[in-house]
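Understanding the architecture of this molecule
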Amino acid sequence: MQLNTMRCKECKGEMTIRPLDSFEGEEHGVRLRIRGMPVMQCDGGHKRLVAPEFAVRMMETLLADDSFAPIDEAAQKGLFRKHYCCPSCGQALDEASGDHFVTESELEIGGLSAFSVKVDLPKYRCAACGHESVEPVEHLRKASVEAFRSAGIAPA
């Protein structure tokens, strides 16, 4: 992974790698909290990702983690009125059961310092077959965008 060594686009200051405190984002009930993630930051406090592909690599690493394997994501159907269906039997799912699937992972990407990512996903239980599933991954991706936005991190 090629580190982003450009000067700050805002103030032209030199940027160095620094870990961020905790920040989070939420989308459609999916919460993502990131703690200690390395970012490029100037003395003026402007931040950007350490590499242009960092966010994509973070999501790939997170989703490849075995802690996500136990529960399938709900299938999303419908063109105009979207709804969730059981990935096992195809029956329409009611509202989330109120339970949540929570997992926390330590990620290390491209030889940079490790950081933690905690994910909280609403869980669904199919009334027909009892199979459990969680929100689709697209909501997790959108929650990560909201998290980066909340911390003031520019894409590149």
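Scroll up a little and you will see the structure.
First things first, this report covers the structure right here in the doc. (Residues numbered from 1 in each chain as written. Predicted model: local features only at pLDDT ≥ 70, side-chain atom pairs only at ≥ 80, totals over all residues. Heavy atoms only, no water.)

Brief notes about the overall build of the chain
Heads up, the rule is: Numbering of helices and strands starts at the N terminus; helices are DSSP runs of H or I of at least 4 residues and strands are runs of E of at least 2. Exposure is judged per residue with a 1.4 Å probe applied to protein chains only, and the accessible area is read against the type maximum: over 50% gives exposed, under 20% gives buried, and values in between give partly exposed. Residues are treated as being in contact if the distance between any of their heavy atoms lies within 4.5 Å.
A count of helices and strands for the chain gives 2 helices and 12 strands. Counting from the amino terminus, helix and strand elements in the chain follow one another as β-β-β-β-β-α-β-β-β-β-β-β-α-β. Oriented by its inertia axes, the alpha-carbon framework of the chain measures out at about 60 × 30 × 25 Å. Burial analysis of the chain (156 residues in total) assigns 40% to the buried set. In the chain, once contacts between residues fewer than 6 apart in sequence are set aside, the share between residues at least 24 apart is 63%.

Re the sheet that holds strand β12 (residues 153–154)
For clarity, the threshold we go by: Note on pairing: DSSP must find at least two bridges between two strands before they are called paired.
Spatially, β1-β4-β5-β12 is the arrangement adopted by the 4 strands of the open sheet, whose pairing is mixed. Since the sheet does not close on itself, it has two edges, and those belong to β1 (16–19) and β12, each with one partner. Pairing analysis gives 4 bridges linking β1 to strand β4 (residues 38–41), with the strands arranged antiparallel. Looking at β4, one finds that arginine 18 is bridged to valine 39.

Some thoughts on a nonpolar patch on the surface
The condition that has to hold: Patches here: salt-bridge-free residues with over 30% relative accessible area, like charges joined within 9 Å, nonpolar side chains (Val, Leu, Ile, Met, Phe, Trp, Tyr) joined within 5 Å. Note on areas: Shrake-Rupley with a 1.4 Å probe; residue coverage comes only from the protein chains shown. Here, a salt bridge means any side-chain nitrogen of Lys or Arg that lies within 4 Å of a carboxyl oxygen of Asp or Glu.
The grouping of Met1, Leu3 and Ile17 at the surface amounts to a nonpolar patch, some 220 Å² of accessible area in total. Within the secondary structure, methionine 1 sits in the segment before β1.

Examining the layout of surface pockets
Let me state the cut-off plainly: Of the grid points, spaced at 1 Å and generated over the protein atoms alone, those admitting a 1.4 Å probe that cannot get out make up cavities, while open sets with protein on both sides within 12 Å along at least five of seven lines make up pockets; any residue with an atom within 4 Å of a point is treated as lining. Grid points are joined across faces, edges and corners, and a volume is the space filled by probe spheres set on the points. Residue type decides the class: Asp, Glu, Lys and Arg count as charged, Ala, Val, Leu, Ile, Met, Phe, Trp, Tyr, Cys and Pro as nonpolar, and the leftover types, Gly among them, as polar.
If you add up the space inside the largest pocket, you get close to 160 Å³. Together, 10 residues line the largest pocket, and His28, Lys82, His83, Tyr84 and Tyr124 are the ones closest to its centre. Taken together, the residues that form the lining of the largest pocket break down as 4 nonpolar, 3 polar and 3 charged.

Geometric descriptors of this kind do not, in isolation, establish any biological role.
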